[in-house]
Amino acid sequence: MNRRTMLKWASSLLALFSGILVAVPGCSFVLAVLRRRGGQDALVQRVLRLEDLPPGEPVEVPIVGRKRDAWTVYDQQTIGRVWLVRRSKADVPPEKSKVDAYSAICPHLACIVGLDQEDRRFRCPCHEAAFDLSGRRVPASELGHPNPSPRDLDPLKCAVVHDADEDAWWVEVTYQRFRAGARRRIPESV
Amino acid sequence: MLEKLRESLERRIAYRQWWNAYRQRTVPGGAAWTRASASCLLWTLVVLVVTGVFLMSSYSPSMTDSWASVHYIEQSWAGSLLRGIHYFAAQFLIVLFFLHMMRVLIVGGYRAPRELIWITGLLLVPLVLAWAITGNPLSGSQKGMSQIEVEGHIIASTPLLGRTIQTILIGGDRVGNLTLTHLYTLHVFILPLLVGVLLFLHISQIYRHGLLGPENSDESEAVPYWPDQTVRNMIVLAVVMIGIALAARWLKAPRDVPASPELPGMPRPEWYFLSLFELRRYFSGEWEFIATLVIPLLILGLLLVMPLLDRWLTHRISVFLRSGIVVVGLVAWGGLTAMPIWRDRHDEQYQQTHRKLEVLGERAWVLADRYGVPPEGAAALLARDPKTQGPVLFKLYCGSCHPHAEPDGTGIMPTEPTAPNLYGIGTPDWIAGFLDPERITGPHYFGNTAKADGEMVGTVQEWFENAESDDDRARIRKQLQEIALLLAHEANKAPQTVDDKLLARAKQAMVDEFACTDCHRFGEEGELGSAPDLTGYASRSWLIEMIRNPNAERFYPDDANDRMPAFAPHEFGSAQNQLTRRQIELIVDWLRQEWYEPAPESAESQ
């Protein structure tokens, strides 16, 4: 190894060093989002008074919570949407009333599932995934095309609770979020 | 003198070799209009970059500022035109791109030694489409953000690296600030850089190999490119530019509703992706990536290997294959694009949502014109607008009992109304309904409530039963009309024509003739506790307090309250209240029809 070869090697290595000085933080910066997985797993919230929920009629309610968007923190933002269906008739006492809750986030590609009043089913405006009022996928034969959703609507824990201070009955939902496009229900942070 | 200047410049920067490279270009077979597609494409791209740089000087990529900065840009005729040119030039670019590609395919311009021109050109296809995908959400519109949300999930559904790429692209779990900054970086730097590099290679290869002659030969008579072909290029470009400018001036770039989690999604891709949107429909679940990724890549791959393929095919088969690709491609693309358009046009729910978002977009624009955008972002404009939020909140919290039905029957109607119709609350006609024996027992007032046979109803009926003649009844009606005006005056909803004499007369009638103040408090007359306070009746503060707690002594204490809940009986801010101060204010302002409306445009203004 003579002097010139050594100088050539040194040039390349030094250049490499300067490059690494920038490339390492650069890559780390871009890939950082892959590591940052904060947020809570589930949010329990009283969404509606039982008396505001007519039996048998699906009602969509927002889930409101604190949201962090990179550098901005929102105190009260809609972070989710839920469909409520009161199964029990109006004369059933509140402590025995049954209410079902479904996440309105479509399991296909996370659009918001709407309600098709005419056909009495849930329908997603993005790619027409459809579900009956119990959240089950409508089969392709009824739909006329393959149902894009990989699974049924995600059911959420829902209870009717009593507020002693006000003597009022509330519908309480445990809001969770699940991965879009997956066949199994994989929880993600809310 | 000029000659000396030129010599001196030439000596320093040697410009003549570059100028000569252009001057020496030839067009075999003579200048042709169809050859203008390439130049037109290039200069449309330059227009996009230049307008883009101008827009950059005023645009801010964040969830709170993007829509606001776009609204700001649109305030001047120059900004609006620049944005319009940028938007329509992008649409034109995509059309021109594919026309140019088809032309080159048909004439066989991909053959040796021009393969690299073809390949660099084809590699530009995904880049230009990525340019469009990254550009659309930058407006901060609900449409744009829905698009990138869905597109992100489509990327995530690609097996193996899909989810990783999606997370890096949108900057985390959810679309948000980082998504916009990432898209912006791609859109204004990384993609232009890559396109620039490929274009440089593309064009230097064209200069190196020259233009392809007709009939697949390079030996036809070569006419100088400059100025014959150049002038045709410039004419076509001028026509395209006029088209773009007209579209920018009259159609305008989209003014969509700002992105907000409260709004329904409006998830349709741009027109150039509708064919893939439709194709995706025929694949279920985890196989969708075949439609969105595999098939486009296969088509791209087929085109990429055309130079290779062509070597083994006879001339006739090659022409057949190429024409076939173009024809089949156009028909398939056209059909697949037309189907979702046709289907959406006949989808009532889609049309309704589309119209609703259009209306909201116009409303947001009008509010931004008037109030500017608050620091929380444009979504807050609609969130604080009584006209927008009133009906939503009313439907959710009041609408299971109270109708808000307009005289023509439209509006909010519960399946089982059990409370008065609040449409027009505080207006003279609405109040007059309580003072009319037929209306007060009707479905719009107490008819469906426990008060249908209560004291108020009885009292009103008595007035008319005790009347001795038609004249008497007419007098009573006139007096009650004036009382209604007086109470509407309390609500600040009486017409301007109401004078003090009428008010005094009506008050006299209330106290003496009809004995209202025997039960109702009104000013200094009467007491609270047996009937709602008529002081400030249906005014903004009266309604706010009523909704907060109808059980208060001022309204319907003890058993007088039929069944209306107290929506905020505790201090505002308490978590035990069902509604916040702002929510109640939105409902009240909406009920009182007090929201901002722009003055009707009398003169033409943009």
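Note that this is a predicted model, so its numbers are computed, not measured.

## A look at the overall build of chain A
At step 1: Across its full length, chain A holds two helices and 11 strands.
At step 2: Traced from its N-terminal end to its C-terminal end, chain A shows the element sequence α-β-β-β-β-β-β-β-α-β-β-β-β.
At step 3: For chain A, the C-alpha radius of gyration of 25 Å lies well beyond 16 Å, the compact-globule estimate for 190 residues.
At step 4: Split into buried and exposed, the 190 residues of chain A put 29% on the buried side.
At step 5: Across chain A, every contact between residues at least 6 apart in sequence was considered, and the portion connecting residues at least 24 apart equals 47%.

## Let's talk about the interface of chain A and chain B
At step 1: Taken together, the contact pairs 35 residues of chain A with 35 residues of chain B.
At step 2: The set of elements that each furnish at least two residues to the side of chain A that touches chain B consists of α1 (3-35), β2 (59-69), β3 (72-86) and β5 (114-116) of chain A.
At step 3: For the side of chain A that touches chain B, a count of residues per class yields 19 nonpolar, eight polar and eight charged.

## Describing the sheet that holds β5 of chain A
At step 1: With respect to topology, three strands assemble into an open sheet ordered β5-β6-β7 (chain A), the strand pairing being antiparallel. Since the sheet does not close on itself, it has two edges, and those belong to β5 and β7 (130-131) of chain A, each with one partner.

## Some thoughts on the packing of helix α3 (residues 36-56) of chain B against helix α5 (residues 77-107) of chain B
Residue and element names in this part refer to chain B.
At step 1: At a minimum axis separation of 9 Å, α3 and α5 run at an interaxial angle of 155°. One way to sum up the angle between α3 and α5 is to call them roughly antiparallel. Helix-helix and strand crossings are classified by hand; for α3 and α5 the assignment is left-handed.
At step 2: Class assignment of the residues belonging to the contact of α3 with α5 gives a composition of 17 nonpolar, six polar and two charged.

## A few points about the environment of alanine 32 of chain B
Residue and element names in this part refer to chain B.
At step 1: Along the chain, alanine 32 turns up in the loop between β1 (26-28) and α3.
At step 2: Of the residues examined, alanine 32 has 14 C-beta atoms within 10 Å and is grouped as partly exposed.
At step 3: Counting along the chain gives 200 residues from alanine 32 to arginine 232, while the straight-line C-alpha distance between them is 7.6 Å.

## So, the domain arrangement of chain B
At step 1: What the domain assignment reports for chain B is domain 1 (2-22 + 32-268 + 346-356) and domain 2 (386-591).
At step 2: Using C-alpha coordinates to define each centre, domain 1 of chain B is positioned 60 Å away from domain 2 of chain B.

## Some thoughts on the nonpolar core
At step 1: Membership of the largest hydrophobic core comes to 67 residues, with the highest contact counts inside it found for Val82, Leu84 and Cys106 of chain A together with Ala364 of chain B.
At step 2: If near-sequence neighbours (up to four positions away) are discounted, cysteine 106 of chain A is found in contact with Cys111, Val113, Cys124, Cys126, Ala129 and Ser149 of chain A.
At step 3: Within the second largest apolar cluster, 41 residues are counted, among which are Cys398, Cys401, Tyr445 and Met510 of chain B.

## Concerning α1 of chain A
At step 1: Along its 33 residues, α1 of chain A runs 46 Å from first to last C-alpha, staying within 8% of the 48 Å computed at 1.5 Å per residue.
At step 2: Phenylalanine 29 of chain A marks the point of greatest bend in α1 of chain A, at about 35°.

## Re the sheet that holds β3 of chain A
Residues and elements named next belong to chain A.
At step 1: Strands sit in the order β1-β9-β8-β4-β3-β2 across an open sheet of six strands; the sheet is antiparallel. Looking at which strands have only one partner, the edges of the open sheet turn out to be β1 (43-49) and β2. Across this sheet, the average inter-strand angle for adjacent strands is 35°, counted without regard to direction.

Rules behind the numbers
- Residues numbered from 1 in each chain as written.
- Chains lettered and ligands numbered in written order.
- Predicted model: local features only at pLDDT ≥ 70, side-chain atom pairs only at ≥ 80, totals over all residues.
- Helix = DSSP H or I, 4+ residues; strand = E, 2+ residues; numbered from the N terminus.
- Rg over C-alpha atoms; globule rule 2.2 N^0.38 Å.
- Buried ≥ 20, exposed ≤ 12 C-beta atoms within 10 Å, placed from the backbone.
- Contact = placed C-beta atoms within 7 Å.
- Nonpolar A, V, L, I, M, F, W, Y, C, P; charged D, E, K, R; others polar.
- Pairing = 2+ DSSP bridges.
- Axes fitted to C-alpha atoms, helices over the stretch in contact; angles between N-to-C directions.
- Parallel < 35°, antiparallel > 145°, perpendicular 65-115°, else oblique.
- Left-handed = near helix turned anticlockwise from the far one by under 90°.
- Domains from an automatic or database assignment.
- Core = buried A, V, L, I, M, F, W, Y, C linked by C-beta atoms within 7 Å.
- Expected span 1.5 Å × (residues − 1).
- Bend = angle between axes of the 7 residues up to and from the residue.

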